[in-house]
Amino acid sequence: METVMVKIAPSILSADFARLGEEVRAIEKAGADYVHIDVMDGHFVPNITIGPAVVKSLRKHSGLIFDTHLMIAPVDPYIPAFVEAGSDIVTIHAEATPHLDRSLQLIKSLGAKAGVSLNPHTPESVIRYVLDKLDLILVMSVNPGFGGQSFIPAALEKIANIKTMIGTRAIEIEVDGGIGPDIAKAVTAAGADVLVAGSAVFRTADYAANIAALK
Ligand code: DX5
Ligand code: ZN
């Protein structure tokens, strides 16, 4: 039996953008494992958030792993800036690049960990032949673009299938969207290693209690 605790990656999309440095310090103190940074371009997804300059400014506020989720297309031209800004993991969408293998090689060549995210409708088969270049697989359990949406249950089967597909490889399975304490149990049972949570962490001022409730 594995006893490794699930990791929690609060999404700062639900934080107060006027006090982001403080918010990142607060989640670190509250027991967060990663800082999940949602980057949106108003093109790949219907919302616009933050760019590399903000990531760079946040870097001074935390020693936690910066888990940068790029919801942008094209993505390759911006990968170097997000690595230079201090991202430890750079996750790109399989749907956002015509040459997924090449984009992953770029991330790895810059010294960051590489992740691929799959939209709710995207089958796990798209990553079968790039598994050797992956450190993380991000299963979207909502359509990307906004916090506070409802969990799409089909993600559970996808997580289980990915778990089988990766076998003994050192790849983390992360799940993103609509995760609260109840769904946290189901996604963890299906095989998730890292849970992204925006509204569930930032909904009240007691971030430590909110993170503990997800573990
Ligand atoms: C959605 C983002 C998520 C989002 C999660 O496009 O990738 O990280 O902030 O928010 P909740 O946990 O509120 O669904
Ligand atoms: Zn995200």
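The preceding data block contains the structure.
Residues numbered from 1 in each chain as written. Chains lettered and ligands numbered in written order. Predicted model: local features only at pLDDT ≥ 70, side-chain atom pairs only at ≥ 80, totals over all residues. Heavy atoms only, no water.

Enquirer: Can you lay out the overall build of the protein chain for me, pointing to particular residues and giving the numbers?
Expert: When helices and strands are tallied, the protein chain shows eight helices and eight strands. Scaling as 2.2 N^0.38, a compact globule of 215 residues should have a C-alpha radius of gyration of about 17 Å, and the protein chain matches this with 16 Å. For the protein chain, the spread of C-alpha atoms along the principal axes amounts to about 45 × 40 × 30 Å. Within the protein chain, the fraction of its 215 residues that count as buried is 51%. Within the protein chain, contacts between residues separated by at least 24 positions form 64% of all contacts whose residues are at least 6 apart in sequence. With an accessible surface of roughly 9,600 Å², the protein chain has 55% of that area assigned to carbon and sulfur atoms. Of note, the protein chain has its 18 positive side-chain charges centred 3 Å away from the centre of its 24 negative side-chain charges. (Helix = DSSP H or I, 4+ residues; strand = E, 2+ residues; numbered from the N terminus. Rg over C-alpha atoms; globule rule 2.2 N^0.38 Å. Buried < 20%, exposed > 50% of the residue type's maximum accessible area, 1.4 Å probe, protein only. Contact = heavy atoms within 4.5 Å. Areas by Shrake-Rupley, 256 points an atom, 1.4 Å probe, with all protein chains shown as cover. Lys, Arg positive; Asp, Glu negative; His and termini not counted. Charge placed at Lys NZ, Arg CZ, Asp CG, Glu CD.)

Enquirer: For the pairing of strand β7 (residues 172-176), give the residues involved together with the corresponding values.
Expert: A regular strand carries its side chains on alternate faces of the sheet. Most of β7 sits out of view: five of its five residues are buried. Across five bridges, strand β6 (residues 136-140) lies against β7 in parallel orientation. Each residue of the ladder has a partner; that of Met140, found in β7, is Asp176. A crossover links β6 with its parallel partner β7, the connecting element being helix α5 (residues 154-166), and its sense is right-handed. Alignment of β7 against strand β8 (residues 194-197), held across three bridges, turns out to be parallel. Along β8, the bridge assignment pairs Glu174 with Val194. Since β7 and β8 lie parallel, the crossover through helix α6 (residues 181-190) that links them has a hand, and here it is right-handed. (Pairing = 2+ DSSP bridges. Right-handed = clockwise from strand over helix to strand, strands pointing away.)

Enquirer: Could you give an account of the layout of surface pockets, with specific residues and numbers?
Expert: What the second largest pocket holds in volume is close to 250 Å³. Taken together, the elements giving at least two residues each to the lining of the second largest pocket come down to β2 (34-40), β3 (65-71), β8 and α7 (199-202). The residue makeup of the lining of the second largest pocket, split by class, is 11 nonpolar, 12 polar and two charged. (1 Å grid on protein atoms, 1.4 Å probe; cavity = no way out; pocket = protein on both sides within 12 Å on 5 of 7 lines; lining within 4 Å. Points joined across faces, edges and corners; volume = space filled by probe spheres on them. Nonpolar A, V, L, I, M, F, W, Y, C, P; charged D, E, K, R; others polar.)

Enquirer: For the pattern of salt bridges, give the residues involved together with the corresponding values.
Expert: Counting across every chain of the model gives eight salt bridges. Salt-bridge contacts for Glu23 lead to Arg19; the nearest nitrogen and oxygen are separated by 3.9 Å. Linking Arg59 and Asp88 is a salt bridge whose minimum nitrogen-to-oxygen distance equals 3.0 Å. Residue Arg59 is located in helix α2 (residues 52-59), and its partner Asp88 is located in the loop between α3 (79-84) and β4 (89-93); the two are separated by 29 residues in the primary sequence. Owing to a relative accessible area of 31%, Asp88 belongs among the partly exposed residues under this scheme. (Salt bridge = Lys/Arg side-chain N within 4 Å of Asp/Glu carboxyl O.)

Honestly, that's just the spatial picture; any functional story needs more than this.
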